[in-house]
Amino acid sequence: MERVVERFIQYAKEYTTSDPESTTYPSTERQVDFMKKLEKELKEIGLREVERDKFGYVTATIPANGIENAPVVGFIAHVDTSPDFSGENVNPQIIENYDGGVVQLKNGVEINPKSFPEILNYKGQPVITADGTTLLGADDKAGVAEIVTAAEILLQNKKFKHGKIRVAFTPDEEIGKGTDYFDVKKFGADFAYTLDGGEIGELEFENFNAAGAKVTINGQSVHPGAAKNKMVNALLVAQKIIAMLPPTQRPEHTEKYEGFYHLLSLKGNVEKAEMQYLIRDHDSDKFEKKKKLLTEIVQIVNLELGKKRIELEIKDQYYNMRQKIEPVMHIIDIAEQAMKQAGVVPRIKAIRGGTDGARLSYDGLPCPNIFAGGHNFHGPFEFVPVPSMLKSVEVILNIAQLVGKLN
């Protein structure tokens, strides 16, 4: 079981950050480089039907052991790390016995229990962090390591009776493109689980409905000394739109089932400015109302300007998977039972984000999300407790056996 730690540290050192500005798929060649290594490793430990397709997806099979007629279950994780923070030259380090104090890292970075009180839940446990200069990459290389380790155990230890199992590793999840070319039919699973959750015990089958909005503002640049009644400052128009959106519906003021507008970027000058917004809500009606409000605000400001200077493009990205999971709630029951058998208290909650599983569920592969163990993703404060990773592997093994009993 401890092999999962070695694997994770090895994987975390691989530079696999995705790139939202790229026009290729996968978005970065470095992801392909890692996928090639993963493909080789899966073959070496004995998985069957190992394949890396032209889109970078790596899939493989764990053959049935003693149970031929069970449903086919899948386990899925993504290999890319978030472009929100550096994922290059990651230097994982193990705190062998976390003492409950402040974890001091490089560049003055510290994981302080006052700011991150959840770390106190792991006092006395070995905890893995980066060194303060990069993110760690537990999102989702912890999930990758856990799936590969569970696969190796299932192949080597014949006491585990199970049906056919499929595994898959995807690129570009962090930029919302993880399943753009995923072939659900070819994958051949009846249902699957993403190993992409956070703290130990997380079990999620609800996520945000998500859209991205691009607001392009065409101003009018005039020398400031002669600007009266002539200049239209695109940056100030952007500021006006920001002010008209409800300030209480920003990420920093929301939690649980509360949705938000997230200003992801603002760039430009007097002549032209561009804003990128993320629009999120679990409730489909509220989600539609949020998109409508932004559309109406743009229309109002265009009218005030007396000219259509603002262009708005809204694209839906993914939807709440709950609608697709509710008809097959037995797969949630299986995951919950698997956690209890491992001595893990299930924490059923809604994801304040999305996973590959959200889109896969709408593509015909019901795919809830279970914990991989990490905390504070996408930044230098990220950490993953070792026992959480070990329990994740155990949960995968339990799911495999429980699904086998469905034959």
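Residues numbered from 1 in each chain as written. Predicted model: local features only at pLDDT ≥ 70, side-chain atom pairs only at ≥ 80, totals over all residues. Heavy atoms only, no water.

Asker: How should the side chain of Glu 382 be read in this particular structure?
Answerer: Tracing the sequence through the fold places Glu 382 in the loop between strand S16 (369-371) and strand S17 (383-385). Buried within the structure, Glu 382 lacks any salt-bridge partner; its nearest side chain of opposite charge belongs to Lys 141, at an N-O separation of 9.5 Å. In this structure the side chain of Glu 382 is engaged in a polar contact, spanning 2.8 Å, whose partner is the backbone nitrogen of Leu 136. Here Glu 382 is in contact with Ile 111, Ile 128, Thr 129, Ala 130, Leu 135, Leu 136, Gly 137, Ala 138, Asp 139, His 375, Asn 376 and Phe 377, once residues within four sequence places are set aside. (Helix = DSSP H or I, 4+ residues; strand = E, 2+ residues; numbered from the N terminus. Buried < 20%, exposed > 50% of the residue type's maximum accessible area, 1.4 Å probe, protein only. Lys, Arg positive; Asp, Glu negative; His and termini not counted. Salt bridge = Lys/Arg side-chain N within 4 Å of Asp/Glu carboxyl O. Polar contact = N/O pair within 3.5 Å; in protein donor to acceptor, adjacent residues only side chain to side chain. Contact = heavy atoms within 4.5 Å.)

Asker: Would you mind going over the packing of helix H5 (residues 234-244) against helix H6 (residues 284-305) with me for this structure?
Answerer: Between two packed helices, the angle of one axis relative to the other and the distance separating the axes together describe the packing. At their nearest, the axes of H5 and H6 sit 10 Å apart, and the two run at 135 degrees to each other. Taken together, the axes of H5 and H6 lie oblique to each other. Of the two elements, H5 crosses H6, and the hand of that crossing is right-handed. Here Val 237, Lys 240, Ile 241 and Met 244 of H5 come into contact with H6, specifically with Leu 294, Ile 297, Ile 300, Val 301, Glu 304 and Leu 305. Within the contact of H5 with H6, the residues separate by chemical class into 8 nonpolar, no polar and 2 charged. (Axes fitted to C-alpha atoms, helices over the stretch in contact; angles between N-to-C directions. Parallel < 35°, antiparallel > 145°, perpendicular 65-115°, else oblique. Left-handed = near helix turned anticlockwise from the far one by under 90°. Nonpolar A, V, L, I, M, F, W, Y, C, P; charged D, E, K, R; others polar.)

Asker: Help me understand the side chain of His 375 in this model?
Answerer: Assignment of secondary structure puts His 375 in the loop between S16 and S17. Taking relative accessible area as the criterion, His 375 reaches 8% and is therefore assigned buried. Those residues in contact with His 375 that sit more than four places away from it in its chain are Glu 118, Tyr 122, Glu 199, Phe 381, Glu 382, Phe 383 and Pro 385.

Asker: Help me understand the packing of aromatic side chains in this model?
Answerer: For any pair of aromatic rings, geometry is given as the distance between the ring centres together with the angle between the planes. By the definition in use, this model includes 13 aromatic pairs. Ring geometry for Phe 55 against Tyr 181: centres 4.3 Å apart, planes inclined by 5 degrees, an arrangement best described as stacked. Placement of the pair is Phe 55 in the loop between strand S1 (48-52) and strand S2 (58-62) and Tyr 181 in the loop between strand S8 (165-170) and helix H4 (184-187), with a sequence separation of 126 residues. A ring pair is formed by Phe 75 and Tyr 193, whose centres lie 6.1 Å apart and whose planes are at 25 degrees; its orientation type is stacked. With a gap of 118 residues between them, Phe 75 in strand S3 (residues 73-78) and Tyr 193 in strand S9 (residues 191-197) connect regions that are remote in the sequence. Across the pair, Tyr 193 and Phe 75 agree in class, each one buried. Of the aromatic side chains, those joined through ring pairs into one cluster are Tyr 25, Phe 55, Tyr 57, Tyr 181, Phe 182 and Phe 187. Between the NZ or CZ atom of Arg 30 and the centre of the ring of Tyr 15, over which it lies, the distance is 4.2 Å. Lying across the ring of Phe 34, Lys 141 places its NZ or CZ 5.8 Å from the centre. (Phe/Tyr/Trp six-rings, centres within 6.5 Å; stacked < 30°, edge-to-face > 60°. Lys NZ or Arg CZ within 6 Å of the ring centre and 35° of its normal.)

Asker: Please clarify how a nonpolar patch on the surface should be interpreted in this entry.
Answerer: Side chains of Leu 235, Leu 263 and Leu 266 sit close together on the surface and give an oily, nonpolar patch of about 210 Å² of accessible area. By secondary structure assignment, the location of Leu 263 is in strand S12 (residues 260-268). (Patch = residues over 30% accessible without salt bridge, like charges linked within 9 Å, V, L, I, M, F, W, Y side chains within 5 Å. Areas by Shrake-Rupley, 256 points an atom, 1.4 Å probe, with all protein chains shown as cover.)

Asker: What is the right way to look at the packing of helix H1 (residues 3-12) against helix H2 (residues 29-44) in this model?
Answerer: Where H1 meets H2, the axes come as close as 12 Å, and the angle between the chain directions of the two elements is 155 degrees. The angle between H1 and H2 falls in the class roughly antiparallel. On H2, the residues touching Arg 3, Arg 7 and Tyr 11 of H1 are Phe 34, Leu 38 and Glu 41. Taken together, the residues that form the contact of H1 with H2 break down as 3 nonpolar, no polar and 3 charged.

Asker: What should I look at first to understand the pairing of S3 in this one?
Answerer: Regular strands show a simple pattern: their side chains alternate between the two faces of the sheet. Across the 6 residues that make up S3, a large majority, 6, are buried. Side chains Val 73, Phe 75 and Ala 77 project from S3 onto one buried face, and the interleaved Gly 74, Ile 76 and His 78 project onto a second face that is buried too. The pairing of S3 with S9 spans 4 bridges and is classified as parallel. Each residue of the ladder has a partner; that of Gly 74, found in S9, is Ala 192. (Pairing = 2+ DSSP bridges.)

Asker: Teacher, can you tell me more about unusual backbone geometry here?
Answerer: The phi angle of most residues is negative, glycine excepted, and most peptide bonds adopt the trans form. In the segment running from Tyr 25 into Pro 26, the intervening peptide bond is cis, with an omega of -5 degrees. Its location among the elements puts Pro 26 in the loop between H1 and H2. Going from Asp 139 to Asp 140, the amide bond is cis rather than trans, its omega being 10 degrees. At Asn 229, a residue that is not glycine, the phi angle is positive and equals roughly 65 degrees. By the element assignment, Asn 229 lies in the loop between strand S11 (209-218) and H5. On the basis of relative accessibility, which here comes to 78%, the residue Asn 229 falls in the exposed class.

Asker: What's the story with the sheet that holds strand S7 (residues 127-129) in this structure? I'm lost.
Answerer: Through backbone hydrogen bonds, the strands of a sheet pair up, either in parallel or in antiparallel fashion. Strands sit in the order S4-S7-S17 across an open sheet of 3 strands; the sheet is antiparallel. For this open sheet the edge positions go to strand S4 (93-95) and S17, each flanked by a neighbour on one side alone. Taking the axes of each pair of neighbouring strands and ignoring which way they run, one obtains an average angle of 25 degrees across the sheet. Two elements, S4 and S7, share 3 bridges in a ladder whose sense is antiparallel. Each residue of the ladder has a partner; that of Ile 94, found in S7, is Ile 128. The strands that helix H10 (residues 386-404) touches are S7 and S17; relative to S17, the one it contacts most, it runs at about 65 degrees.

Asker: How should I be thinking about the nonpolar core in this particular structure?
Answerer: In summary, soluble globular proteins display a tendency toward joint burial of nonpolar side chains. Counting 74 residues, the largest nonpolar core has Phe 8, Leu 47, Phe 169, Tyr 193 and Ile 399 as the members making the most contacts within it. Looking at this core, the element that brings in the most residues is helix H3 (residues 138-156), giving 11 residues. (Core = buried A, V, L, I, M, F, W, Y, C linked by side-chain atoms within 4.5 Å.)

Asker: I'm lost on the pattern of salt bridges in this one. Help?
Answerer: Scanning the model with the defined rule gives 23 salt bridges in all. Lys 349 is the partner of Glu 202 in a salt bridge, and the nearest nitrogen-oxygen pair spans 3.7 Å. One end of the pair, Glu 202, is in strand S10 (residues 202-206); the other, Lys 349, is in strand S15 (residues 347-350), with 147 residues separating them in the sequence. Assessed through its relative accessible area of 34%, Lys 349 is described here as partly exposed. Among the salt bridges present, the one from Lys 391 reaches Glu 394, with a minimum N-O distance of 3.4 Å. With Lys 391 and Glu 394 both in helix H10, this residue pair falls 3 residues apart, about one helical turn. You can call Glu 394 partly exposed: its relative accessible area is 25%. Each member of the salt-bridge network shares a partner with another, and the members are Arg 7, Glu 41 and Glu 152.

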